[in-house]
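Summary of the model geometry
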Amino acid sequence: MAQVIRMCAGCRQRAAREELVRLVWSDGAVVVDERCRLPGRGVYLHPGCVAAVLRNRGVGRGLRREVDARQLRDLLDRLAG
Ligand SMILES: [Zn+2]
């Protein structure tokens with residue numbers, strides 16, 4: 001089976017899907033799609049690229065939403081921790 005490749009919104013490198021965390025927009029906020037089952041546009045991120053994606057605003061761009069920076073930082077802090 002072909003490997004699924006996605007781009008990390010932080011470092012913008014391509015990586016195997018399994019190495020990345022999927023973020024989606026749900027009910028007015030960004031959430032981590034733990035099981036990769038939520039519908040809609042997703043943004044992928046290395047767990048180690050949290051700081052980079054907060055700098056480059058790749059999540060809001062990828063999701064095409066006005067992302068609340070504080071909410072996103074809190075969410076991603078848990079991810080990195
Ligand atoms: Zn990355």
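Given the structure is predicted, the values throughout are model-derived calculations rather than measurements.

**Observations regarding the pairing of strand β4 (residues 29-32)**
With four bridges connecting them, strand β3 (residues 21-26) and β4 associate as antiparallel partners. Bridge pairing links Trp25 to Val30 in β4. Hairpin connection, β3 to β4: the antiparallel pair is bridged by two residues, and Asp27 has positive phi, about 55 degrees.

**As for the pairing of β3**
In summary, the side chains of a regular strand alternate between the two faces of the sheet. Where β3 and strand β5 (residues 42-45) come together, four bridges link them in antiparallel fashion. Looking at the pairing, Arg22 lines up with Tyr44 of β5.

**Focus on unusual backbone geometry**
With a phi close to 55 degrees, Asp27 is a non-glycine residue in the positive phi region. Backbone geometry places Arg64, a non-glycine residue, at a positive phi of 60 degrees. The residue Arg64 is located in the loop between α2 (58-63) and α3 (69-80) in this model. The exposed category is assigned to Arg64, whose relative accessible area is 63%.

Conventions used here
- Residues numbered from 1 in each chain as written.
- Predicted model: local features only at pLDDT ≥ 70, side-chain atom pairs only at ≥ 80, totals over all residues.
- Heavy atoms only, no water.
- Pairing = 2+ DSSP bridges.
- Helix = DSSP H or I, 4+ residues; strand = E, 2+ residues; numbered from the N terminus.
- Buried < 20%, exposed > 50% of the residue type's maximum accessible area, 1.4 Å probe, protein only.

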